[in-house]
Amino acid sequence: DQQVKQNSPSLSVQEGRISILNCDYTNSMFDYFLWYKKYPAEGPTFLISISSIKDKNEDGRFTVFLNKSAKHLSLHIVPSQPGDSAVYFCAASRSASSGSARQLTFGSGTQLTVLP
Amino acid sequence: NAGVTQTPKFQVLKTGQSMTLQCAQDMNHNSMYWYRQDPGMGLRLIYYSASEGTTDKGEVPNGYNVSRLNKREFSLRLESAAPSQTSVYFCASSALSGSGYTFGSGTRLTVV
């Protein structure tokens, strides 16, 4: 049972326009959410995160929105640039017991292509 | 540059062979992880180590073993490789709070 779902395997957007990537989760215990970007032949790199106590977090061109009641988060990229073309993974985690590690549960990813 | 280093980058194994994937981090992180990435499946956790001296199973541990050699190093061993273990393997590390992972560049493993 996938606890984190990215239902769109791919998305194409024109340069300069907004890219919106979506993610749904089922586990109500998740309290921290992250987006990672991955280029071919490289490891995922951290992009932006949001705690469940917030509903929005912004970092430059990237904004993550969290709707807890709908168990949905989205990543907005404005304006989109060709260099943003990559696979974007949504991830979620829950509080860990003392001395234990937070585990990230990942979605299946969305390939974003920004067309020049 | 500080980060997570994985070796080898590529490997081809025959069914039944064994191998160890190596991972080292120099960020003084307590926690380390091994994930595999398969098409349409995202990244799935194989094993993790919250801190030196501890290891725990993740979502897909069957067919793998791990060793947390010291704070810096966390290795993944395939005792008897199977074609189903063909995948890209990523090692990651984080502070104990786990607010964000740093990933290595991956090992592409093919089992024929």
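On a predicted model such as this, the values are computed, not experimentally measured, just so you know. (Residues numbered from 1 in each chain as written. Chains lettered and ligands numbered in written order. Predicted model: local features only at pLDDT ≥ 70, side-chain atom pairs only at ≥ 80, totals over all residues. Heavy atoms only, no water.)

A. Region of interest: the overall build of chain B. A count of helical and extended segments in chain B gives zero helices and eleven strands. Whereas a compact globule of 112 residues would reach a radius of gyration of roughly 13 Å, chain B reaches 13 Å, a difference of no more than 12%. In terms of principal-axis extent, the alpha carbons of chain B reach across some 40 × 25 × 25 Å. Among the 112 residues that make up chain B, the fraction classed as buried is 48%. Long-range pairs, those at least 24 residues apart, make up 54% of the contacts in chain B with a sequence separation of at least 6. (Helix = DSSP H or I, 4+ residues; strand = E, 2+ residues; numbered from the N terminus. Rg over C-alpha atoms; globule rule 2.2 N^0.38 Å. Buried < 20%, exposed > 50% of the residue type's maximum accessible area, 1.4 Å probe, protein only. Contact = heavy atoms within 4.5 Å.)

B. Spatial organisation of the pattern of salt bridges. Following the criterion strictly, the structure yields four salt bridges over all chains and no others. Arg61 of chain A serves as the salt-bridge partner of Asp84 of chain A, at 2.8 Å between the closest nitrogen and oxygen. Pair noted here: Asp84 of chain A is in the loop between β8 (72-77) and β9 (86-93) and Arg61 of chain A is in the loop between β6 (56-59) and β7 (62-67), with a separation of 23 residues, a long-range link. As a salt-bridge pair, Asp38 of chain B and Arg36 of chain B come within 2.9 Å of each other at their nearest N and O atoms. Residue Asp38 of chain B is classed as buried on the basis of its relative accessible area of 10%. Through salt bridges with shared partners, one network takes in Arg36, Asp38 and Arg44 of chain B. (Salt bridge = Lys/Arg side-chain N within 4 Å of Asp/Glu carboxyl O.)

C. View of the environment of His72 of chain A. Residue and element names in this part refer to chain A. Turning to its location among the elements, His72 is positioned in strand β8. Taking the relative accessible area as the measure of exposure, His72 reaches 22% and is therefore partly exposed. Distance in space between the C-alpha atoms of His72 and Val114 is 24 Å, their sequence separation being 42 residues. Not counting residues up to four positions away in its chain, the partners in contact with His72 are Asn22, Cys23, Asp24, Tyr25, Phe65, Leu66 and Asn67. Of note is the side chain of His72, whose polar atom sits 3.3 Å from the backbone oxygen of Cys23. (Polar contact = N/O pair within 3.5 Å; in protein donor to acceptor, adjacent residues only side chain to side chain.)

D. Molecular detail of the side chain of Ser49 of chain B. Residues and elements named next belong to chain B. With respect to the helices and strands, the residue Ser49 is situated in strand β5 (residues 42-49). For Ser49, the side chain forms a polar contact with the side chain of Arg68, separated by 2.7 Å. Contacts of Ser49, omitting those with residues within four sequence positions, involve Asn30, Ser31, Met32, Thr54, Thr55, Arg68 and Phe74.

E. Broad picture of the sheet that holds strand β3 (residues 19-25) of chain B. Residues and elements named next belong to chain B. If you walk across this open sheet you meet the four strands as β1-β3-β8-β7, and the pairing is antiparallel. Of all the strands in the sheet, just β1 (4-7) and β7 (64-68) have a single pairing partner and so form its edges. Put simply, the sheet's adjacent strands are angled 15° from each other on average, direction ignored. Across five bridges, the pairing between β7 and strand β8 (residues 74-78) is antiparallel. By the bridge assignment for β8, Ser67 is matched with Ser75. (Pairing = 2+ DSSP bridges. Axes fitted to C-alpha atoms, helices over the stretch in contact; angles between N-to-C directions.)

F. The arrangement of the state of the cysteines in detail. Under the defined criterion, the tally for this structure stands at two disulfides over all chains. Sulfur-sulfur distance for the disulfide between Cys23 of chain A and Cys90 of chain A comes to 2.0 Å. Taking the torsion about the S-S bond as the criterion, the Cys23 of chain A to Cys90 of chain A disulfide, at about -75°, is left-handed. With Cys23 of chain A in strand β3 (residues 19-25) and Cys90 of chain A in strand β9, this pair connects stretches of sequence that are 67 residues apart. Accessibility classification places Cys23 of chain A together with Cys90 of chain A in one group, the buried group. A sulfur-sulfur separation of 1.9 Å characterises the disulfide bridge that pairs Cys23 of chain B with Cys91 of chain B. The disulfide joining Cys23 of chain B to Cys91 of chain B has a torsion of about -75° about its S-S bond and is therefore left-handed. Of the two residues, Cys23 of chain B sits in strand β3 while Cys91 of chain B sits in strand β9 (residues 87-94), which places them 68 residues apart along the sequence. (Disulfide = S-S within 2.5 Å.)

G. Quick look at the interface of chain B and chain A. The interface is formed by 21 residues belonging to chain B together with 18 residues belonging to chain A. Buried area between chain B and chain A, both sides added, is near 1,600 Å², and the carbon and sulfur share of it is 58%. The interface formed by chain B and chain A contains four residue pairs in polar contact (both at pLDDT 80 or more). Put simply, the parts of the chain that give the side of chain B that touches chain A at least two residues each are β4 (31-38) and β5 of chain B. A per-class count over the side of chain B that touches chain A returns eleven nonpolar, ten polar and no charged. (Buried area = accessible area lost by both parts, 1.4 Å probe. Nonpolar A, V, L, I, M, F, W, Y, C, P; charged D, E, K, R; others polar.)

Remember, this is a structural readout, not a statement about activity or role.
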